Amino acid sequence: MKRQLFIGCMLLAGCTTFNDGLYRPVSGREKKAFARADQAISPADVRRGFDSFRTREVAWAGIIKDIRFKETERTIQVAFQVEHRHFDWLTHTGRAGYRLSAAGDGEFMVGWSVRKPTSVGRLMAQAKPGYMLVAYGKPYRIMDGVVQLEATAVRPVSTRKFTIQPAEGKPLE
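Summary of the structure given here. Because the structure is a prediction, the values reported are computed rather than measured.

This part is about the sheet that holds strand β8 (residues 146-157). The strand order around the closed barrel formed by 5 strands is β2-β3-β6-β8-β7, and the pairing between neighbours is mixed. In this sheet, neighbouring strand axes are inclined to one another by 45° on average, regardless of whether the strands run parallel or antiparallel. Note: strand β3 (residues 75-85) against strand β6 (residues 107-115), 9 bridges, orientation antiparallel. Among the inter-strand pairings, valine 78 is bridged to a residue of β6, identified as tryptophan 112. Packed onto the sheet, helix α2 (residues 28-36) meets β6, β7 (132-143) and β8 and runs at close to 135° relative to β8.

Below, the structure written as structure tokens:
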């Protein structure tokens, strides 16, 4: 009986410390972008060798600093100003499933276009400053040291679903 109780306790302890899983994209658009994108290319890499990376699709994560909206007749154009953070591309157990490093490679900008009838109000409810943003796209320009991406997909993540890890030693990659 004691042995069974011990094994049961070990199994329960094992369940609470279960290994983290790989990051899983949510939408169909994000899944396709995730499959194409190179998560190993950083904004610093692009700044050092823009011409080598302008045709490559990248995947970056960070904290949204600002969002601007511009309506046209058929679309809403969204510009995200993002503070890059190193991301381990894992989903962790616990309430906040994603972990961003406190360290990153500076700011980047993301341009995203959404077709109407989506409203600006709806978009504002889905992405806010302080949220995490996972952005996929191709670098199309650098202005004042800030890499600008033409997005193929974006995924805002609310503040409840991620944490920022202290920058101790090597950043998350």
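From this point, things continue past the structure.
The biggest cluster of nonpolar side chains holds 26 residues, and the ones touching the most others in it are Phe80, Val110, Leu133 and Val154. Looking at this core, the elements with two or more residues in it are α4 (50-53), β2 (58-71), β3, β6, α5 (120-126), β7 and β8. Every residue in contact with leucine 133, bar those within four places of it in the chain, is listed here: Trp60, Ala61, Gly62, Ile64, Phe80, Val82, Val110, Val154, Arg155 and Pro156. Grouped together as the second largest cluster of nonpolar side chains are 16 residues, Ala61, Phe87, Trp89 and Tyr136 included.

Looking now at the pattern of salt bridges. For side chains of opposite charge, pairing can occur when their charged atoms come near one another. Counting across every chain of the model gives 6 salt bridges. The partner of arginine 68 in a salt bridge is aspartate 66, with the nearest N and O atoms 2.9 Å apart. On the basis of relative accessibility, which here comes to 57%, the residue arginine 68 falls in the exposed class.

Enumeration over the complete set of coordinates arrives at 8 aromatic pairs. Considering the side-chain rings of tyrosine 23 and phenylalanine 34, the 5.8 Å spacing of their centres and the 45° angle between planes classify their relative orientation as tilted. Pair noted here: tyrosine 23 is in the loop between β1 (21-22) and α2 and phenylalanine 34 is in helix α2, with a separation of 11 residues, a long-range link. On the basis of relative accessible area, phenylalanine 34 is assigned to the partly exposed category, the value being 23%. Where phenylalanine 34 meets tryptophan 89, the ring centres are 6.0 Å apart and the plane angle is 50°; that geometry is what we call tilted. Residue phenylalanine 34 is found in helix α2, and its partner tryptophan 89 is found in the loop between β3 and β4 (90-91); the two are separated by 55 residues along the sequence. Connected via pairs of aromatic rings, a cluster forms that spans Tyr23, Phe34, Phe87, Trp89 and Tyr98.

Basis of the calculations
- Starting afresh in each chain, residues are numbered from 1 along the sequence in its written order.
- Totals for whole chains, interfaces and linings use all residues, but because this is a predicted model, local features are given only for residues with pLDDT of at least 70 and pairs of side-chain atoms are given and counted only at 80 or more.
- Hydrogens and waters are ignored; side-chain quantities use all the structure's heavy atoms.
- Strand pairing follows a simple DSSP-based rule, namely that at least 2 bridges must link the two strands.
- Each helix corresponds to a stretch of at least 4 residues labelled H or I by DSSP, and each strand to a stretch of at least 2 residues labelled E; elements are numbered beginning at the N terminus.
- In this analysis an axis means a line fitted to C-alpha atoms, helices contributing only their contacting stretch, and an angle means the value between N-to-C directions, from 0 to 180 degrees.
- Contacts: residue pairs with any heavy atoms within 4.5 Å of one another.
- Buried residues of nine kinds, namely Ala, Val, Leu, Ile, Met, Phe, Trp, Tyr and Cys, make up a nonpolar core once their side-chain atoms join them within 4.5 Å.
- For every residue, the accessible area obtained with a 1.4 Å probe (protein chains only) is divided by the maximum for its type, and the residue is called buried under 20%, exposed over 50%, and partly exposed between those limits.
- Salt bridges are defined by distance alone: a side-chain nitrogen of Lys or Arg within 4 Å of a carboxyl oxygen of Asp or Glu.
- Note on aromatic pairs: the rings of Phe, Tyr and Trp (six-membered ring only in Trp) are paired at centre separations within 6.5 Å, and the planes decide the class, stacked below 30 degrees, edge-to-face beyond 60, tilted for the rest.

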